[in-house]
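# Breakdown of the fold
The residues making up each chain are set out below.
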Amino acid sequence: MNSDGDSTETKSRIIDAIRETWATHPDEVAEFGLEALGDRIRSVASGWTVPVITRVENGSAYRLIQVLNALQESLEKSTNLWITLYLDPFADTTKNGDN
């Protein structure tokens with residue numbers, strides 16, 4: 001696997017792969033209300049980071065990790081890139097700004 005730099009084309013490829021992966025794993029995505037933040041995808045070291053938020057405030061952390069790992073593996077296989085999905089606690093758009 002490799003990273004092609006910070007190109008718009010590569011980001012578009014990753015976004016397309018996210019849409020496809022989310023569509024092929026609808027139950028897992030819905031279980032945690034997962035949303036990938038495509039506008040914040042970044043190239044780092046030898047791979048790419050994709051911030052993800054969850055719209056579910058409760059649930060099993062163990063199960064969440066399993067779901068994120070499965071989605072990440074699927075993305076890496078479909079793009080042939082190193083991709084890291086991570087929960088971004090600062091990007092939660094469900095908050096009203098009071099926190």
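Because the structure is predicted, anything quoted here is derived from the model rather than measured. (Residues numbered from 1 in each chain as written. Predicted model: local features only at pLDDT ≥ 70, side-chain atom pairs only at ≥ 80, totals over all residues. Heavy atoms only, no water.)

## Re the pattern of salt bridges
Applicable threshold: Criterion for a salt bridge: a side-chain nitrogen of Lys or Arg within 4 Å of a carboxyl oxygen of Asp or Glu. Numbering of helices and strands runs from the N terminus; a helix is a DSSP stretch of H or I covering at least four residues, while a strand is a stretch of E covering at least two.
The full count for this structure, using the stated rule, is four salt bridges. As a salt-bridge pair, Arg40 and Asp88 come within 2.7 Å of each other at their nearest N and O atoms. Residue Arg40 is found in the loop between β1 (34-36) and β2 (42-44), and its partner Asp88 is found in the segment after β4 (83-87); the two are separated by 48 residues along the sequence.

## Focus: the nonpolar core
Selection rule: Buried Ala, Val, Leu, Ile, Met, Phe, Trp, Tyr and Cys residues form a nonpolar core when they are joined through side-chain atoms within 4.5 Å. Only protein chains enter the accessibility calculation, which uses a 1.4 Å probe; a residue whose area is less than 20% of its type maximum is buried, one above 50% is exposed, and one in between is partly exposed.
Counting 20 residues, the largest nonpolar core has Ile14, Ile18, Trp22, Leu34, Val50, Ile83 and Leu85 as the members making the most contacts within it. Elements supplying a minimum of two residues to this core: α1 (8-24), α2 (26-32), β1, β3 (47-54), α3 (61-79) and β4. The leading source of residues in this core is α3, at five residues.

## Some thoughts on the environment of Ser60
Secondary-structure assignment places Ser60 in the loop between β3 and α3. Its relative accessible area of 37% is what places Ser60 among the partly exposed residues. Separated by 28 residues in the primary sequence, Ser60 and Phe32 have C-alpha atoms spaced 9.5 Å apart.

## Regarding the confidence of the model for the protein chain
Our working definition: In predicted models, pLDDT denotes the confidence assigned by the predictor to each residue on a 0 to 100 scale. It only takes one pair of heavy atoms within 4.5 Å for two residues to be counted as in contact.
Averaged over all residues, the pLDDT of the protein chain is 88; the fraction at 70 or higher stands at 86%. Within the protein chain, α3 carries the highest mean pLDDT (97), whereas β2 carries the lowest (93). A low-confidence stretch, residues 94-99 stays under pLDDT 50, and its non-local contacts, those more than four residues away or across chains, total one contact.

## Details of the pairing of β3
Cut-off, in case you're wondering: Pairing between two strands requires that DSSP report at least two bridges joining them. Every crossover in which the path from the first strand over the helix to the second runs clockwise, viewed with the strands pointing away from the viewer, is termed right-handed.
Extensive coverage of β3 is indicated by the burial of seven of its eight residues. Here β1 pairs with β3 via three bridges, running antiparallel. From the neighbouring strand, Ala36 faces β3, where its bridge partner is Val52. By the bridge criterion, three bridges tie β2 to β3 in an arrangement that is antiparallel. When the sheet's bridge partners are listed, Ser43 is paired in β3 with Trp48. Joining the antiparallel neighbours β2 and β3 is a turn of two residues, in which Ala45 adopts a positive phi near 45°. As judged from the five bridges shared by β3 and β4, these two strands associate in the parallel manner. Of the residues in β4, the one forming a bridge with Trp48 is Ile83. Since β3 and β4 lie parallel, the crossover through α3 that links them has a hand, and here it is right-handed.

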